[in-house]
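Chains, contacts and geometry: an overview
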Amino acid sequence: MINALISITFLCIGSLSSLIIYRLSPRNNNKDINLFFPRSHCPSCKKNITNINLIPLIGYIKQRGRCSNCNIKISLYYPINEILHLIIGLVLYSIFGLSLELLIAFLLAVILIVLFILDYRYFLLPFSINIALLFLGLIGIGYAEVFNISFLDYNNLSMSVAGAFIGFVFLWLVNFFFKLFKGYDGIGGGDFILLASLGSIAGPFALPFIILFGSLASIFIYFFKIKALSNQIPLGSGLVLGFLIFLLLNYFELLNIYAVL
Ligand SMILES: [Zn+2]
């Protein structure tokens, strides 16, 4: 019973994350739309979605993947995003059980998914979401074991602040020199804050790994994203993946930071 309730909660948060992504995307860059208003509606015919069809997965299956009013196809991305949240949530639940650690880790995962998709699709890292992540990194630090980085004996605020500071300054400097030679910005300001946030979570010693894995992942995404006609590389999405790779290697004890340092 409790497992069913928890699964439904993960699905609902997955649905909420799709909503946040949709409403923060640049095509909705007008003032009469925000997180709470208006009601969820079909982007094509603008008809409000009935309560039953708002239920994650069930609504999609009941409508057979089409808007019940105008019959336009609902993107598969919505149920996939909900299932992704469910899977990540259940994995974290199996690690942390029903605890504050689960809440922090799942919140972190949701924010990273939102940032990954927004940067991948629109090269957008919203300031509000970025700051939420930084805040989570700084306050979540008392729970360093959440991120399984306790091998750094890192459970104090000063290390977290150092990680944030170095992360920010590193990318800022890279961009500074880039701009000096090329005359225009090479890295968006959102990327500085994102790396600062990741530094505040994983600490300064994790940054070289996150930057290395993140850069490789960015290049991989760039080539993988065939439709991308722009020359921009989604560095933010790459950093999110780089951070994930770091966490996984660290979790499975494949990366001994002291052996490398
Ligand atoms: Zn419709």
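Keep in mind that what you see is a predicted model, and the values were worked out from it rather than measured.

Further remarks concern the nonpolar core. Ranked by size, the top nonpolar core spans 49 residues in total, and within it Leu 133, Leu 194, Leu 198, Ile 210, Phe 243 and Phe 246 carry the most contacts. The set of elements that each furnish at least two residues to this core consists of helix H1 (2-24), helix H4 (77-96), helix H5 (100-122), helix H6 (127-139), helix H8 (189-202), helix H9 (207-224) and helix H10 (235-251). Top element by residues in this core is H5. It accounts for 14 residues. Each of domain 1 (1-98) and domain 2 (124-261) accounts for three or more of the residues forming this core. Apart from residues no more than four positions distant in its own chain, Phe 243 is found in contact with Leu 108, Leu 112, Leu 198, Ile 201, Ala 202 and Ile 210.

Ideal coordination angles are 109.5 degrees for a metal with four donors arranged tetrahedrally and 90 or 180 degrees for a metal with six donors arranged octahedrally. Binding of the zinc ion to the protein goes through Cys 42 (SG), Cys 45 (SG), Cys 67 (SG) and Cys 70 (SG), at separations of 2.3 Å. Along the chain, the residues that donate to the zinc ion are spaced as C-x2-C-x21-C-x2-C. Of this pair, Cys 42 sits in the loop between H1 and helix H2 (51-54) while Cys 70 sits in the loop between helix H3 (58-62) and H4; the two residues are 28 residues apart in sequence, bridging distant segments of the chain. A relative accessible area of 29% means that Cys 70 is categorised as partly exposed.

Once that is clear, we can look at unusual backbone geometry. The phi torsion of most residues other than glycine is negative, and most of the peptide bonds are trans. Here Lys 46, not a glycine, exhibits a phi torsion of approximately 65°, which is positive. When you line up the elements, Lys 46 lands in the loop between H1 and H2. Residue Lys 46 is classed as exposed on the basis of its relative accessible area, which comes to 54%. In this structure, Asn 71 takes a positive phi of about 70° despite not being glycine. Residue position: Asn 71 is located in the loop between H3 and H4.

Here we come to the pattern of salt bridges. Evaluated as defined, the whole model comprises one salt bridge. The salt bridge partner of Lys 179 is Asp 185, with a shortest N-O separation of 3.8 Å. For Asp 185, a relative accessible area of 46% translates into the label partly exposed.

This part covers helix H7 (residues 157-182). Its 26 residues give H7 an end-to-end C-alpha distance of 37 Å, which sits within 8% of 38 Å, the value for a rise of 1.5 Å per residue. Those residues of H7 not exposed but buried are Ser 160, Gly 163, Ala 164, Gly 167, Leu 171 and Asn 175. Buried residues in H7 make contact with H6, H8, H9 and H10.

Turning our attention to the environment of Leu 138. Residue position: Leu 138 is located in helix H6. Residues Leu 138 and Leu 157, spaced 19 residues apart in sequence, show a C-alpha to C-alpha distance of 6.8 Å. With residues near it in sequence (within four places) discarded, Leu 138 still touches Leu 157, Ser 160, Val 161 and Ser 200.

On to the packing of aromatic side chains, then. All chains considered together, the criterion is met by 11 aromatic pairs. Each ring, one from Trp 172 and one from Phe 176, has its centre 5.4 Å from the other, and the planes form 15°; the classification is stacked. Placement of both Trp 172 and Phe 176 in helix H7 is noted, with a separation of four residues, approximately one turn of the helix. Judged by relative accessible area, Trp 172 falls into the partly exposed class, the value being 40%. Judged by centre distance (5.6 Å) and plane angle (80°), the ring pair of Phe 178 and Tyr 184 falls under edge-to-face. Clustering of aromatic rings is evident, with ring pairs tying together Trp 172, Phe 176 and Phe 177.

A word on H6. In this model, H6 (13 residues) spans 18 Å end to end at C-alpha, consistent with the 18 Å of a helix rising 1.5 Å per residue. Those residues of H6 that sit buried are Ile 129, Asn 130, Leu 133, Leu 134, Leu 136 and Gly 137. Seen along its axis, H6 keeps its buried residues to an arc of 160°; they face one direction. Residues Phe 127, Phe 135 and Ile 139 are exposed on H6 and point more than 90 degrees away from its buried face. Along its buried surface, H6 packs onto H1, H5, H7 and H8.

Each value, and the rule that gives it
- Residues numbered from 1 in each chain as written.
- Predicted model: local features only at pLDDT ≥ 70, side-chain atom pairs only at ≥ 80, totals over all residues.
- Heavy atoms only, no water.
- Core = buried A, V, L, I, M, F, W, Y, C linked by side-chain atoms within 4.5 Å.
- Buried < 20%, exposed > 50% of the residue type's maximum accessible area, 1.4 Å probe, protein only.
- Helix = DSSP H or I, 4+ residues; strand = E, 2+ residues; numbered from the N terminus.
- Domains from an automatic or database assignment.
- Contact = heavy atoms within 4.5 Å.
- Donors = N, O, S within 2.8 Å, 3.2 Å for Na, K, Ca; no water.
- Salt bridge = Lys/Arg side-chain N within 4 Å of Asp/Glu carboxyl O.
- Expected span 1.5 Å × (residues − 1).
- Phe/Tyr/Trp six-rings, centres within 6.5 Å; stacked < 30°, edge-to-face > 60°.
- Arc of directions from axis to C-beta.

In short, the description is geometric, and any link to function would need to be established separately.
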